[in-house]
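# Reading the structure
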Amino acid sequence: MALLNVNDLNAYYGKSHILQGVNMTIDEGEIISLLGRNGVGRSTTCKSIMGEVPPKGSITFRGKEIAGLAPHQIAQSGIGYVPENRDVFPGLTVKQNLNLGVKPGQGASRWSEEDFFELFPNLRERQDVDAAALSGGEQQMLTMARTLMGDPDVVMIDEPTEGLSPQMCQRVADLLEEIARRKIAILLVEQKLTIAMKISTRVYVMGHGQIVYEGTPDELMSNDEIRQEWLEV
Amino acid sequence: MDWGFITVTLLDGLARGLYYFLVSAGLTLIFSMMGVLNFAHASFFMLGGYFAYIIAQEWGLTFWIALPAVPLIVGAIGMVVERFGLRHVHKFGHVAELIFTFGLAFLLQEFVKLVFGQDTKPYAVPEVLQGTLFTVGDQPFGSYRAFMILVSISIFIGLYLLLTRTRVGMIIQAALTHPNTVSNLGHNVPLIFMAVFGVGTALAALAGVIALPTDALQPGSAARLGPIIFVIIVVGGLGSLNGALVASMIIGILTTMFDASQLSVFSVMEAVANMLGIEWSLLERPTYELRRLMIGDLIMMSTKQVGALFPYLLMVLILIFRPQGLLGKRES
Ligand SMILES: Nc1ncnc2c1ncn2[C@@H]1O[C@H](COP(=O)(O)OP(=O)(O)OP(=O)(O)O)[C@@H](O)[C@H]1O
Ligand SMILES: [Mg+2]
């Protein structure tokens, strides 16, 4: 049984029909990349899975229907989401931000603050600093770490490397690999193919609110037609 | 200068400013959450007074029972209003929410009229607190004002510690600015909002319990306080708790000074002229002209009467020269 199963997912912003029957599955510990050009609905897919945009269709997580639940209930059931806007909580320190990632009533977690401080010594140094004072890259690390503190079984990460320096992109890749090592499933929304191709087990390509291609990274790399039609600009 | 008078007036002003802050703090929190002003907020202040009057005087359970019980009761009513009213209206946008709170304010006012009538209820200061605590010069400072100051300050310290030192407080702070992100982390934001609304209304009710014995408990109590609180949160900066505190103090202290002073505008002008060493006779002609222009009535008024204009004048000036309020952040 798939960990997360999305079946004929539709979503609307007012009258515009953005997701038009998205189908995808994610198995335990899989790393899936969701690729596609700007505006095809990748972020909306994450938001509807999370319940932030009302979903039509079926979304099951460990066999349980979650479409229609409130976002906090979906998070509680084990889905993590790192949105593309990197919003750290200003006025709270780095440490406090991390602490808010811990869910109410959460038991033992696969992650501790210390894990992230080891991966990003910058966060350790700046743990008592107002999170709003961090650089863009540090904020990205912090929001990913904050979501992981809630110990999700699958985490959706929306464009984590956007606008980051090559060193910072490498840091993001390091964390993604660490997540994979701990057998946590990832749905990675990316524009840059390099990272996605390197770590993914499977990729989905999205176009016009639907999945237009599914395959392994190698298959996608050898399929020029799909890449030209749906990815390259 | 009469230092006794000044000291006691300042202390009285402090007591007033603090209870204004009890009300405006709740309104500011609720504003940050909903993004619209809650016009019914002062109605919960009035309800606080009526509930306290029933418990303390009609049922004879004393003020000391009413003091903790009323904020709990009114806070619970506030939560019901949020859960079964505002939360549904929210879907239809800000205008609908605003109209809902307007309607609620009128509803509560008419309800109170229906049940208690138009007249002022004899809701009084408890006996033990009726005396004078101390005098400065020959000016007495009442025990009850000191009690008001004590209660308000303890509540604020508690609230401040809750918001800044506890995990729940931090979740609340984050939820006010980033509700979606906080939900995505697994926190029940609708529940947090209901609780914030409840706490905000409970604070307003507490202000009603402690302030209305020094004022008049009547159906108009809400309508009299509402505009002042509105002014305070605009002057302080919408959504800024610190701003609400500063503006509450400024308006509380200055309006108390105006109320207490026995001066007329004319005598103030005379005194200022004296201080500046201007020969009064030089001003006689302009004063005469002003009177002819019928502004003369204004000059003969007491500062108490003119002082009533002060908060609104301040608000207009702030909106012109610093639209984001004293401590508010500019809208981006
Ligand atoms: N809040 C919104 N209201 C109305 N339309 C929206 C809203 N958010 C997104 N859209 C529209 O929905 C479509 C899909 O947006 P989405 O954010 O899912 O795209 P995306 O694939 O994540 O691309 P990118 O992040 O590069 O913009 C776009 O055409 C966008 O203009
Ligand atoms: Mg996007």
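Whatever comes next refers back to the structure up there.
Residues numbered from 1 in each chain as written. Chains lettered and ligands numbered in written order. Predicted model: local features only at pLDDT ≥ 70, side-chain atom pairs only at ≥ 80, totals over all residues. Heavy atoms only, no water.

## Considerations on the coordination of the magnesium ion (ligand 2)
All names here are of chain A. On the protein side, the magnesium ion (ligand 2) has Ser43 (OG) and Glu84 (OE) as donor atoms, found 1.9 to 2.7 Å from it. Remark: Glu84 occurs in the loop between β6 (79-82) and α3 (94-100) and Ser43 occurs in helix α1 (residues 42-50); sequence separation between them is 41 residues. Using a relative accessible area of 33% as the deciding quantity, one classes Glu84 as partly exposed. (Donors = N, O, S within 2.8 Å, 3.2 Å for Na, K, Ca; no water. Helix = DSSP H or I, 4+ residues; strand = E, 2+ residues; numbered from the N terminus. Buried < 20%, exposed > 50% of the residue type's maximum accessible area, 1.4 Å probe, protein only.)

## Description of the interface of chain A and chain B
Facing the 21 residues of chain A at the interface are 17 residues of chain B. Looking only at chain A, the three residues that lose the most surface to chain B are His72, Phe89 and Leu100 of chain A, adding up to 35% of its buried area. Here chain A and chain B share zero salt bridges between them. Applying the counting criterion to the chain A and chain B interface returns seven residue pairs in polar contact (both at pLDDT 80 or more). Going through the elements one at a time, α2 (71-77), α3 and α6 (136-149) of chain A are the ones with two or more residues in the side of chain A that touches chain B. Of all the elements, α2 of chain A adds the most residues to the side of chain A that touches chain B, at four residues. Across the side of chain A that touches chain B, the residue classes tally to eleven nonpolar, six polar and four charged. (Contact = heavy atoms within 4.5 Å. Buried area = accessible area lost by both parts, 1.4 Å probe. Salt bridge = Lys/Arg side-chain N within 4 Å of Asp/Glu carboxyl O. Polar contact = N/O pair within 3.5 Å; in protein donor to acceptor, adjacent residues only side chain to side chain. Nonpolar A, V, L, I, M, F, W, Y, C, P; charged D, E, K, R; others polar.)

## Examining the nonpolar core
Counting 94 residues, the largest nonpolar core has Phe45 and Ile210 of chain B as its most contacted members. Considering each element in turn, this core owes the most residues, 15 residues, to helix α1 (residues 3-34) of chain B. Other than its neighbours up to four places away in sequence, Phe45 of chain B contacts Tyr19, Val23, Ala204, Ala205, Ala207, Gly208, Ala211, Leu212, Ser221 and Leu225 of chain B. Judged by nonpolar contacts, the second largest core, of 34 residues, contains Ile31, Val94, Ala145 and Ile157 of chain A. (Core = buried A, V, L, I, M, F, W, Y, C linked by side-chain atoms within 4.5 Å.)

## Comments concerning the sheet that holds strand β5 (residues 64-65) of chain A
All names here are of chain A. Judged by pairing direction, the sheet is antiparallel, and its four strands sit side by side in the order β2-β1-β4-β5 without closing on themselves. At either margin of the open sheet sits one strand with a lone partner, and together these are β2 (16-26) and β5. Here strand β4 (residues 56-61) runs beside β5; their pairing, made up of two bridges, is antiparallel. Paired with Thr60 across the strands is Glu65, a residue of β5. Strands in contact with α1 are β1 (4-13), β2 and β4; relative to β1, the strand with the most contacts, it is inclined by about 110°. (Pairing = 2+ DSSP bridges. Axes fitted to C-alpha atoms, helices over the stretch in contact; angles between N-to-C directions.)

## Comments concerning helix α4 (residues 94-116) of chain B
Residues and elements named next belong to chain B. For α4, which comprises 23 residues, the first-to-last C-alpha distance of 33 Å matches the rise-based estimate of 33 Å (1.5 Å per residue) to within 8%. For α4, the full list of buried residues reads Glu97, Thr101, Leu104, Ala105, Leu108, Gln109, Val112 and Phe116. Considering only its buried residues, α4 is in contact with α1, α2 (41-58) and α3 (63-89). Positioned one or two residues after α4, Gly117 has a phi angle of 80°, which is positive. (Expected span 1.5 Å × (residues − 1).)

## Digging into unusual backbone geometry
Among all residues except glycine, the phi angle is most often negative; among peptide bonds, the trans geometry is most common. Residues and elements named next belong to chain A. In this structure, Asp8 takes a positive phi of about 50° despite not being glycine. Mapping Asp8 onto the fold places it in strand β1. One non-glycine residue, Glu159, lies in positive phi territory at about 40°. Locating Glu159 in the fold gives a position in the loop between β7 (154-158) and α7 (166-181). Taking relative accessible area as the criterion, Glu159 reaches 5% and is therefore assigned buried.

## Focus: the site of ligand 1
Residue and element names in this part refer to chain A. Close contacts around ligand 1 come from Tyr13, Ile18, Asn38, Gly39, Val40, Gly41, Arg42, Ser43, Thr44, Glu84 and Glu159, and that covers them all. One nitrogen or oxygen atom from the main chain of Arg42 is found 2.8 Å from an oxygen atom belonging to ligand 1. Taking Thr44, its side chain carries an N or O atom lying 2.4 Å from an oxygen atom of ligand 1. For ligand 1, the accessible surface in isolation is 630 Å², of which the surrounding protein chains cover 59%. (Near = heavy atom within 4 Å. Areas by Shrake-Rupley, 256 points an atom, 1.4 Å probe, with all protein chains shown as cover.)

## Quick look at the pairing of β6 of chain A
Put simply, side chains in a regular strand alternate between the two faces of the sheet. Residue and element names in this part refer to chain A. Of the two faces of β6, the one carrying Ile79 and Tyr81 and the one carrying Gly80 and Val82 are both buried. Here four bridges tie β6 to β7, and the two strands are oriented parallel to one another. Each residue of the ladder has a partner; that of Val82, found in β7, is Ile157.

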